[in-house]
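A closer look at the structure
Each chain, written out:
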Amino acid sequence: MNAQVVSMQDARTRATCSQAFPVADLSSLFARQPVERFAPAQAVFWEGDEATHIFEVTVGMLRALRLLSDGRRIIVGFLRPGDLLGVSLKERYLYTVEAVSSVELRRFPRRRFEEEVARHSNLQQQLFSKLRDEMTAAQDQAVLLSRRSAEEKLANFFLLMGRNQNCTSIVDLPMTRLDIADYLGMTIETVSRTITKLANSGVIATPERRSVTVLKMERFDRWRTVTKATIGRPRHTACAVCIRQCVKAAEPNGEESRNGRADRQRHCRS
């Protein structure tokens, strides 16, 4: 039996199984895949590699980064359990992903992932929600970068990390201070100096190097109020107009109209 016949039979088997056993959620696609472990600083994939797989984070934290032509590093996001890596309309990965802590992942072939998502409407909705969260995270970073004060940037970064951990008083920071600096567009010296300043003023405590305790939440609340006014949108609903326009523009032979582009730009400014 040749490889082509085997491949066709495998495809029919997958299709039959998919119809007989509806996929409950995105995580169930990865549930039967083996766990892969990565040590801190180990790369999962590199920017420009062929995008052959989608990954689900099960344990640990990773950083997504890009390297500029002059060698500088920009961290575009931190990934946690439940996040997906490598979801893109491109044929190659758009960024490098490295483990921050000890990490466990499951991988799923990209083509099969796209087939399953196309076959199940509930998976499409969940994937759309994931992409929407990713755009919200990018917006959060843009707001942090727009803050003029180093204290304001760090305070809102701590709040963001605490929100993702469902805790705002004690914030775990698995990443290094250099990671924080490369995420916020600051130098490591400024990050360290600002953390020391906040600690000396009694706003935070640093019992351990990889965590902070917020002592004066009222100070953080003032900075957080400024950030909320800047964003102006709650999490999970931000930039839905932008996403719809981007998805439409990415469709085969799709083209974003002048009116659609104007609506998206007006939405982002509002």
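Since we're looking at a predicted model, the values are computed, not measured.

**A closer look at the sheet that holds strand 6 (residues 84-85)**
What the 4 strands build is an open sheet, ordered 1-8-3-6; its pairing is antiparallel. On the outer flanks of this sheet lie strand 1 (35-38) and strand 6, each paired with one strand and no other. Pairing analysis gives 2 bridges linking strand 3 (residues 53-59) to strand 6, with the strands arranged antiparallel. The residue bridging Phe-55 from the neighbouring strand is Leu-85, located in strand 6. In the packing of helix 3 (residues 110-119) onto the sheet, contacts are made with strand 3, strand 6 and strand 8 (103-109), and the angle to strand 8 comes to roughly 70°.

**Remarks on the packing of helix 6 (residues 177-184) against helix 7 (residues 188-200)**
The contact between helix 6 and helix 7 brings their axes to 8 Å, and the two run at 110°. Taken together, the axes of helix 6 and helix 7 are roughly perpendicular relative to one another. In this structure, helix 6 contributes Arg-177, Leu-178, Ile-180 and Ala-181 to the contact, and helix 7 contributes Ile-188, Val-191, Ser-192 and Ile-195. Partitioned by chemical class, the residues of the contact of helix 6 with helix 7 number 6 nonpolar, 1 polar and 1 charged.

**Overview of the pairing of strand 8**
Judged from the 4 bridges that link them, strand 1 and strand 8 form a sheet pairing that is antiparallel. Considered in strand 8, the bridge of Arg-37 is made with Glu-104. Examined bridge by bridge, strand 3 and strand 8 share 6 bridges and lie antiparallel to one another. Opposite Val-57, over in strand 8, you have Leu-105 as the bridge partner.

**A few points about the pairing of strand 10 (residues 204-208)**
Relative to strand 11 (residues 211-214), strand 10 runs antiparallel, the two sharing 3 bridges. Across the sheet, Glu-208 pairs through a bridge with Ser-211, a residue of strand 11.

**A closer look at the environment of Leu-65**
Following the sequence through the fold, Leu-65 ends up in strand 4 (residues 62-67). Look at Leu-65 and you get buried, because its relative accessible area is 3%. Placed 29 residues apart in sequence, Leu-65 and Leu-94 show a C-alpha to C-alpha distance of 9.1 Å. Excluding anything up to four places from it in sequence, Leu-65 contacts Glu-47, Arg-73, Ile-74, Ile-75, Val-76, Tyr-95, Thr-96 and Glu-98.

**Things to note about helix 7**
The terminal C-alpha atoms of helix 7 lie 18 Å apart, and with 13 residues this matches the ideal 18 Å at 1.5 Å per residue to within 8%. Burial in helix 7 covers these residues: Val-191, Thr-194, Ile-195 and Leu-198. Buried residues of helix 7, viewed axially, fall in a sector of 100°; they line one side. Helix 7 presents Arg-193 and Asn-200 as exposed residues on the side facing more than 90 degrees away from its buried surface. Just downstream of helix 7, Gly-202 is the residue with a positive phi angle, here 80°.

Calculation criteria
Residues numbered from 1 in each chain as written. Predicted model: local features only at pLDDT ≥ 70, side-chain atom pairs only at ≥ 80, totals over all residues. Heavy atoms only, no water. Pairing = 2+ DSSP bridges. Helix = DSSP H or I, 4+ residues; strand = E, 2+ residues; numbered from the N terminus. Contact = heavy atoms within 4.5 Å. Axes fitted to C-alpha atoms, helices over the stretch in contact; angles between N-to-C directions. Parallel < 35°, antiparallel > 145°, perpendicular 65-115°, else oblique. Nonpolar A, V, L, I, M, F, W, Y, C, P; charged D, E, K, R; others polar. Buried < 20%, exposed > 50% of the residue type's maximum accessible area, 1.4 Å probe, protein only. Expected span 1.5 Å × (residues − 1). Arc of directions from axis to C-beta.

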